[in-house]
Every structure is written in structure tokens, then in C-alpha cells.
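Coordinate analysis (summary)
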Amino acid sequence: MLNKYFFLFFTVVGLTLYSQNLSIHKISDINIVTISNPMGIAAQIPQSLPGSINPDKQTLQPEHDNPLFTWVLKFSAAGRVFKDISFYNTQVGYIVSELGGVFKTTDGGDNWTAIMNLGFPYYWYGVNAISADTVVISGFNNQGPINTGVVRWTLNGGTNWSADIVLTRPLSGVGWLDRVHFFNQNTGIVMNGLSGDCYYTSTGGKDSSAWTFITVYPSSGWIAGNIDAQANGNVYATGIRFAKSTNYGLNWTTSSSADNVFDGGVDFLDNNNLFGWTGGGQISDPVSGWTHRTTDGGTTWGPRQLVFPYPVRAVYFFDQNTGFAIGGNLYQNAGGIYSTSNGGANWNLDNSTGAEMFSMDYKAISPDSMDVWCVGSTGGGTGYTGKLYKARIQNLVGINLINSEVPKEFKLYQNYPNPFNPLTKIKFQVPAGAQYIEPVQLIIYDILGNEIQTLVNKNLQPGTYEITFDGKNLSSGVYFYRLNLEKYSEIRKMILVK
């Protein structure tokens, strides 16, 4: 069934930015694209046949390693390669797959229904649920011209779909589309990862004339992994270079990638764009992956954070501490979901999925918890099976880094307002070196010394932090809050008045 399946992989080691060449040939009418440079083959989309893959003998599926979150396999689809996922709210979401598949859930991901099943030659790599019923998908028709991509719309939840909206790249090369995002009903972008460019619309994108071709990388290249598209118009993309737009993808500036191989996926904090992360990796020897972190908006990047046993394809962060790195190697049935609680200084293997994970989405279900969904696919000798995992993240700490300047000492400030009803803010400082000792703890006690609530219990990067405490479920009275870390401890008093 899947003798017409494509998989994008990268084999670059120590790559710097060189001129690139595209070569295209066909096997059984299937386009095979090879991107090469003076260093050799940089990227390729080969034909793969079920049972024809001979995985490398190296074992790439580590055991669980102190997982922070529990992931449950909610949905599997034989013969499918899940590429992207988008939820409009906590209940309604969509998955797109290769071979023209689209799936929908209306119960938070517990059950899924196929709402499109075109088969070959359609390949869907991007999806964005703009409302519960209005959904845009992107990809390509493998029998169409190599420099074209396809967008389709549904306005009634998948009951009916538009005809192909064909976007033609005005340059030579591959025009296949992947990730798509709309900032509002009219303004959106769709990425062309293989050629390093995108299309922009400010008029809804419902026909080909509504889209404008935009060059992201002037010297060409590719875009890999997830993009970060923020409501304020900031967009970040990575791959052979690091790219940023401040006007919804209409114009871009680029700089060197964080890693000398290439980057895969990117995420910046919406409320503080100084903090960002990117992933990457290689399937050539040694097979490995990594993440990098920036604290100055991408001007400079830190060293590789933890070498993973397979490439990282996407990164997602909720705050400056809590985030996920996902990826794998489809041909070796290897992949997983990693999490961090200290900004990537340490990573924990939450789930060894045996599938290369490509995309993630999440929605808040309460002020301190959210549902998270992650999709990917197995491959190799076992055949292709799309997989969806779900986790519920509870007791999220609403902690904000308000100053990244490194303090000289620990300090716990008086809460404000005080007295309070029922909300108050607590500010504290973490000096250099603390993140390598043990978790910083901020705990609330009643007047008898009974522990009421742990607000913080995690390794933190140096800086000044602020957190909101909600006393709505407590009685009026005197309470204490304590900042604690090994050799340092400080206690202050606060008064709740209702």
C-alpha cells in the first residue's frame, strides 16, 4: 500500500552554508529529490518500500528516564504517517498525514474519525484549525509539477473541502508545502521547507491569487521542524539558517544557525522573546540529536544541551523552564518525547514511542493545567503506523522570569499587596550556580507550620522571578512563605483578609 511514501531526512555533518544543487529523477513515476552541496548530499526524499528498510544495527530506543509527564497512546492508524496536528480548543482537533489523510476528534483526542482519505498522490504536512469548523491544510500533489504545493480549506469541519489551491514557486526547485499558520481570519503563512521560502496572505488565502511568494533565505536552503508563529506577528523558523519575521512572515532577516550541522524546530517565549530554543540532529554516524538555548533573542546560542540518541525534530516551551523536545529516526523505529523543567539544562525521557515524532499542540484546560498532544509515525521493517499520544500537565506553576540579569545573592521579597484578597505576588532572586545544586523551593505554610502549597520546586536559571499566589480556598489569617535551597532559607509573613 505504501510503495509511494516519502520521508525527508538529513545526513549533514559539520555543514556550513554552501551553494546547493537540486537533482530530480523518478522511480515508478515518483519524484525523488536530492539536495547536495560541496560537502555531499545534504537532504533527500527517497522512495521507501514496506519491509525493504535495513535499519542500522545500533539500538536507538532508550528506556524511560525519570519521566516528568505521563503520555498515553490514544490513537493509531496503520498505513499512515502523521505529520502535523492542530487543536482549536480542548475538544476539537485535526491530524494530517501522508497519502492524503485528515482525521478529526471532537472529544479531546480520545476518538478520531477520518474526514479525508484521498490516497496517493496527496501528502499533507501542515494543518491549522482556525475555528472548530474552519481548517486549512497544506502539502503537495506528487504527480503535479515539482515546483508547486497545494492548500485546501474546509469551512464545515471537514464535511466538504475546497478544490486544490495550487501555489507555484516562481523559481526552480521544489515547491512542496509543509507547516501552515493563520494569525487571524485573513493573515497567514505557509512554509516551503525544502526550498527555504514561504507564501503570505492578508486576504484570507482562499485562492491562488491571494498568496504572495516570499523568500526567507536569500541564498536558499531549507526550513526544518516546527515554526513559532506568535499572535503579535513575530515568526521564527530554523533549518540551514535562523530566520525571524516581525510582520507575520512578510519580511525576514536571517543569521547563522545555532548548530554547525543545522537546526530543527524553534520556540520562543511569547512574553519574553529573549528566551528561545532550537533542536537538531543527524542520522549519519554518530546518530544523535541536541537542543540549543538563547537568552538574547537568537543573537547568540549556547552549546548543545544533552546529546539525544536520535535527531530532535521540534521543540515547544511553556515558560523559561518547562518544555518538550520530540523527534526520532523513522527508519529505525526510534523516537520519543523528552521534557525539561530547567530550561533544557537537563532532559527527561517521558516516553520512548518507537516512532519518529513530528508535531505537538496544547490547550489550557484550567489556569494551572493543560492537555498536550503529540503525533508521529513508525516505519522501517514494521510498516508505517501513525501514532498520537496525549498527556495532561497539571499544577503548572505560573512563574515568570522578570529580569534575566544575574543576581549576586538569594533574596526573598515581601509579597505585594499585603494584606491581600485573594491574590498576591511573591518575588525572589536566584544567583548564579544555583541551578546546578538542587531545585529551588517556594512553599506556603499556615500559622501552625502546616504546609499548604508548594509554589515552586524546580531548578531555575539565574534571575529575578515573580509568581502569583491565589488564596481563594483559604481562610483569613496569617500565613508564611519560605524560599529554600540547601544552605539558604528565608521566611516572610503575609496576611490574607477576606
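Before reading on, note that the structure itself is shown above.
Below is a short write-up of the structure. (Residues numbered from 1 in each chain as written. Predicted model: local features only at pLDDT ≥ 70, side-chain atom pairs only at ≥ 80, totals over all residues. Heavy atoms only, no water.)

**Concerning the overall build of the chain**
- Counting secondary structure elements, the chain contains 0 helices and 42 strands.
- Buried residues in the chain amount to 59% of all 498 residues.
- Long-range contacts, defined here as pairs at least 24 residues apart, represent 53% of the contacts in the chain between residues at least 6 apart.
- Element-wise, carbon and sulfur atoms account for 48% of the exposed surface of the chain, whose accessible area totals about 19,400 Å². (Helix = DSSP H or I, 4+ residues; strand = E, 2+ residues; numbered from the N terminus. Buried < 20%, exposed > 50% of the residue type's maximum accessible area, 1.4 Å probe, protein only. Contact = heavy atoms within 4.5 Å. Areas by Shrake-Rupley, 256 points an atom, 1.4 Å probe, with all protein chains shown as cover.)

**A closer look at the pairing of strand 29 (residues 323–329)**
- Along strand 29, 7 of the 7 residues are buried, which leaves the element largely enclosed by surrounding structure.
- Residues Gly323, Ala325, Gly327 and Asn329 point to one face of strand 29 and Phe324, Ile326 and Gly328 to the other, with burial holding for every one of them.
- Bridging between strand 28 (residues 312–317) and strand 29 involves 5 bridges; their strand directions are antiparallel. Directly across from Val315, in strand 29, lies its bridge partner Ala325.
- From the end of strand 28 to the start of strand 29, which pair antiparallel, there are 5 residues.
- In this sheet, strand 30 (residues 334–340) lies alongside strand 29 in antiparallel orientation, the contact comprising 7 bridges. (Pairing = 2+ DSSP bridges.)

**Describing the sheet that holds strand 41 (residues 477–485)**
- Reading across the sheet, the 4 strands line up as 39-38-41-42 and stay open at both edges, with antiparallel pairing between neighbours. Either end of the sheet is taken by a strand with one partner, and the two such strands are strand 39 (451–458) and strand 42 (488–496). Averaged over all pairs of adjacent strands, the angle between their axes in this sheet comes to 15°, without regard to strand direction. (Axes fitted to C-alpha atoms, helices over the stretch in contact; angles between N-to-C directions.)

**Quick word on the nonpolar core**
- Ranked by size, the top nonpolar core spans 23 residues in total, and within it Leu412, Ile426, Phe428, Leu442, Leu455, Phe469 and Leu483 carry the most contacts.
- Every element with two or more residues in this core is listed here: strand 37 (423–430), strand 38 (440–446), strand 39, strand 40 (463–470), strand 41 and strand 42.
- Per-element accounting of this core gives the leading share, 4 residues, to strand 41. (Core = buried A, V, L, I, M, F, W, Y, C linked by side-chain atoms within 4.5 Å.)

**Thoughts on the packing of aromatic side chains**
- All told, the structure shown has 33 aromatic pairs when counted by the stated rule.
- With a centroid separation of 6.2 Å and 70° between ring planes, the pair formed by Phe420 and Phe469 is classed as edge-to-face. Residue Phe420 is found in the loop between strand 36 (411–412) and strand 37, and its partner Phe469 is found in strand 40; the two are separated by 49 residues along the sequence.
- The class for Phe420 is buried, based on a relative accessible area of 2%.
- Given the relative accessible area of 2%, Phe469 is considered buried.
- Ring-pair connections join several aromatic residues into one group, and the members of that group are Phe75, Phe82, Phe87, Phe103, Trp112 and Trp373.
- The lysine or arginine in question, Arg304, covers the ring of Trp290, its NZ or CZ lying 3.4 Å from the ring centre.
- Between the NZ or CZ atom of Lys427 and the centre of the ring of Tyr413, over which it lies, the distance is 4.4 Å. (Phe/Tyr/Trp six-rings, centres within 6.5 Å; stacked < 30°, edge-to-face > 60°. Lys NZ or Arg CZ within 6 Å of the ring centre and 35° of its normal.)

**Section: the sheet that holds strand 19 (residues 212–215)**
- With antiparallel pairing, 4 strands are arranged side by side in an open sheet as 16-17-18-19. Edge positions in the sheet fall to strand 16 (180–182) and strand 19, since each of these pairs with one other strand and no more. Each strand of the sheet is rotated relative to its neighbour by a mean of 25°, with strand direction disregarded.
- With 4 bridges connecting them, strand 18 (residues 197–201) and strand 19 associate as antiparallel partners. Residue pairing for strand 19: Cys198 is matched across the bridge by Ile214.

**Overview of the environment of Val287**
- Within the fold, Val287 resides in the loop between strand 25 (272–282) and strand 26 (288–294).
- Taking the C-alpha atoms as reference points, Val287 and Tyr310, 23 residues apart in sequence, are found 5.8 Å from one another.

**Observations regarding the pairing of strand 31 (residues 348–352)**
- Among the 5 residues in strand 31, 5 count as buried, and that is most of the element.
- Here strand 30 runs beside strand 31; their pairing, made up of 4 bridges, is antiparallel. Bridged to Tyr338 within strand 31 is Leu349.

**Quick look at unusual backbone geometry**
- Of note, the bond from Asn418 into Pro419 is cis; its omega dihedral lies within 30 degrees of zero at 0°.
- By the element assignment, Pro419 lies in the loop between strand 36 and strand 37.
- The omega angle of the peptide bond from Asn421 to Pro422 is -15°, so this bond is cis rather than trans.
- Its place among the elements puts Pro422 in the loop between strand 36 and strand 37.
- With a phi close to 60°, Leu99 is a non-glycine residue in the positive phi region.
- Overall, the relative accessible area of 6% leaves Leu99 in the buried class.
- Located in the positive-phi region is Tyr248, a residue other than glycine, with phi close to 65°.
- Among the secondary structure elements, Tyr248 is positioned in the loop between strand 22 (241–245) and strand 23 (253–256).

**Describing the pattern of salt bridges**
- Under the counting rule described, the total for this entry stands at 9 salt bridges.
- With its nearest N and O atoms 2.7 Å apart, the salt bridge here joins Asp371 to Arg392. Linking Asp371 in strand 33 (residues 369–377) with Arg392 in strand 34 (residues 385–393), this pair joins segments that are 21 residues apart in sequence.
- Judged by its relative accessible area of 2%, Asp371 is buried.
- Through salt bridges with shared partners, a single network forms among Asp371, Lys390 and Arg392. (Salt bridge = Lys/Arg side-chain N within 4 Å of Asp/Glu carboxyl O.)

**Here we look at the environment of Val478**
- Position of Val478 among the secondary structure elements: in strand 41.
- Note on Val478: relative accessible area 27%, which makes it partly exposed.
- In this structure the C-alpha to C-alpha distance between Val478 and Asp446, which are 32 residues apart in sequence, comes to 6.9 Å.
- Excluding residues that lie within four positions of it along the chain, Val478 makes contacts with Asp446, Ile447, Lys493, Met494 and Ile495.

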